[in-house]
Amino acid sequence: MRIVLLGPPGVGKGTQAAKLVERYGIPHISTGDALREAVQKGTEIGLKAKSYMERGVLVPDEVVIGIIRERLAQPDCEKGFILDGFPRTVNQAEALDDILRSMGTDLDAVLYITAPDHVIVERLSGRRICRRCGRVYHLITMPPKKDGICDVCGGELYQREDDRPEAITKRLQVYREQTAPLVDYYRGKGKLAEIDGSKSVDEVFSQIVGALEGKR
Ligand code: ADP
Ligand code: AMP
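Residues numbered from 1 in each chain as written. Chains lettered and ligands numbered in written order. Predicted model: local features only at pLDDT ≥ 70, side-chain atom pairs only at ≥ 80, totals over all residues. Heavy atoms only, no water.

Thoughts on the site of ligand 1
Looking at ligand 1, there are 18 residues lining it, with Gly-14, Thr-15, Arg-127, Tyr-137 and Lys-199 nearest. Here Gly-14 contributes a backbone N or O atom positioned 2.8 Å from an oxygen atom of ligand 1. In this structure, Thr-15 approaches ligand 1 through a side-chain N or O atom, which is 2.6 Å from an oxygen atom. In isolation ligand 1 has 560 Å² of accessible area, and contact with the protein removes 92% of it. At the level of secondary structure, the elements contributing two or more residues to the shell around ligand 1 comprise helix H1 (13-24) and strand S6 (136-138). Looking at the shell around ligand 1, its residues break down into seven nonpolar, seven polar and four charged. (Near = heavy atom within 4 Å. Polar contact = N/O pair within 3.5 Å; in protein donor to acceptor, adjacent residues only side chain to side chain. Areas by Shrake-Rupley, 256 points an atom, 1.4 Å probe, with all protein chains shown as cover. Helix = DSSP H or I, 4+ residues; strand = E, 2+ residues; numbered from the N terminus. Nonpolar A, V, L, I, M, F, W, Y, C, P; charged D, E, K, R; others polar.)

Spelled out as structure tokens, the structure:
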């Protein structure tokens, strides 16, 4: 199963991707996670990406397209994958089409997850992440058992720099201007399934499974 999770920052793509990994056993590929890891390790890509990410704007297309091209060539992607946070521009979507065509394959579905802006802002501002294992929490909707500590590994929870108010506003503007046009792009290809992301995690997941299994 080859899936793209499309939707604004904070709508719950990563949360749903984790559940899809469990159900279908295919890899979760998040360009945001890959870029944050590169920044943390201080690699060449990380050094290029850092200032864009801090400002809440998109990293240049060629950087993320390169990451995806390499990742999709790995053997664990043969049976499928879940793309989260890529593509984010029409140029990236066209590059993805080319990469998949050259592999003799295509996307099965683009799950377009939506929620009203106030829900998205609440989700982004309350998001906390484990520094050690990457598990995602929310101060109100998915709090850890112990304040500031990961339930799973005991790691420290932190807030992403770009989940602070100024960067959130910028990211939503960038989403509207550069990423929202992908809705029409994929609708035109007959790939789009709309998912109401404002519901609970389990309700969103059952909509997703319904959309995917209807397609098989
Ligand atoms: P994205 O990957 O789209 O940026 P995340 O999956 O990281 O979004 O979710 C953003 C925040 O919202 C996280 O704190 C997460 O715990 C919370 N969250 C995700 N889905 C839901 C949901 N359906 N209901 C309530 N909170 C959610
Ligand atoms: P995310 O974790 O998906 O919210 O992404 C965090 C940040 O990483 C974004 O605000 C961008 O700066 C950068 N980023 C992630 N994915 C992409 C992409 N496909 N294209 C360009 N920039 C990206």
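Let's pick the thread back up.
Structural notes on helix H4 (residues 61-72)
Look at H4: 16 Å from first C-alpha to last across 12 residues, which is about the 16 Å you get at 1.5 Å a residue. All buried positions along H4 are accounted for by Asp-61, Val-63, Val-64, Ile-65, Ile-67, Ile-68 and Leu-72. Structurally, H4 contributes buried residues whose contacts are with strand S2 (28-30), helix H2 (31-41), helix H3 (44-55), strand S3 (81-84) and helix H5 (90-102). (Expected span 1.5 Å × (residues − 1). Buried < 20%, exposed > 50% of the residue type's maximum accessible area, 1.4 Å probe, protein only. Contact = heavy atoms within 4.5 Å.)

Observations concerning the site of ligand 2
Contacts to ligand 2 come from 16 residues, most closely from Thr-31, Arg-36, Val-57, Gly-85 and Gln-92. Contact between ligand 2 and Gly-85: a nitrogen atom at 2.9 Å from a main-chain N or O atom of the residue. Examining the composition of the shell around ligand 2, we find that four residues originate from one element, H2, more than from any other. Considering only residue class, the shell around ligand 2 consists of seven nonpolar, four polar and five charged.

Observations regarding the pairing of S3
Along S3, one buried face is formed by Phe-81 and Leu-83 and the opposite face, lined by Ile-82 and Asp-84, is buried too. One ladder, built from four bridges, connects strand S1 (residues 2-6) with S3; its direction is parallel. Its bridge partner being in S3, Arg-2 is matched across the sheet by Phe-81. Relative to S3, S2 runs parallel, the two being bridged by three bridges. Bridge pairing in S3 links Ser-30 to Asp-84. (Pairing = 2+ DSSP bridges.)

A word on unusual backbone geometry
Put simply, Phe-86 and Pro-87 share a cis peptide bond, and its omega is -5°. Here Pro-87 is to be found in the loop between S3 and H5.

Description of the sheet that holds strand S8 (residues 192-196)
Read across the sheet, five strands follow the order S2-S3-S1-S4-S8 without closing on themselves; strand pairing throughout is parallel. Two strands bound the open sheet, and with one partner strand each, they are S2 and S8. For this sheet the average axis-to-axis angle between neighbouring strands, irrespective of direction, equals 25°. Examined bridge by bridge, strand S4 (residues 109-114) and S8 share five bridges and lie parallel to one another. Bridge pairing links Thr-114 to Asp-196 in S8. (Axes fitted to C-alpha atoms, helices over the stretch in contact; angles between N-to-C directions.)

Brief notes about the sheet that holds strand S7 (residues 157-158)
Taken in spatial order, the three strands line up as S6-S5-S7 in an open sheet, and their pairing is antiparallel. A single partner strand is all that each edge strand has here, and the edge strands are S6 and S7. Against the sheet, helix H6 (residues 117-126) contacts strand S5 (127-130) and S6, and its axis sits at roughly 35° relative to S5.

Digging into the state of the cysteines
Enumeration over the complete set of coordinates arrives at zero disulfides. The structure places no disulfide on Cys-133, whose sulfur is separated from the nearest cysteine sulfur, that of Cys-150, by 3.7 Å. The partly exposed category is assigned to Cys-133, whose relative accessible area is 42%. (Disulfide = S-S within 2.5 Å.)

Some words on the pattern of salt bridges
Opposite charge on two side chains permits them to pair, given that their charged atoms come into close proximity. Overall, the coordinates contain 19 salt bridges when judged by the stated rule. Between Arg-164 and Glu-161 there is a salt bridge, with the nearest N and O atoms lying 3.7 Å from each other. According to the relative accessible area criterion, Arg-164 is partly exposed, its value standing at 34%. Look at Glu-161 and you get exposed, because its relative accessible area is 58%. Between Arg-171 and Asp-162 there is a salt bridge whose closest N-O contact spans 3.8 Å. There is no split in this pair, since Arg-171 and Asp-162 are both buried. Through salt bridges that share partners, Arg-127, Arg-160, Asp-162, Asp-163 and Arg-171 make up one connected network. (Salt bridge = Lys/Arg side-chain N within 4 Å of Asp/Glu carboxyl O.)

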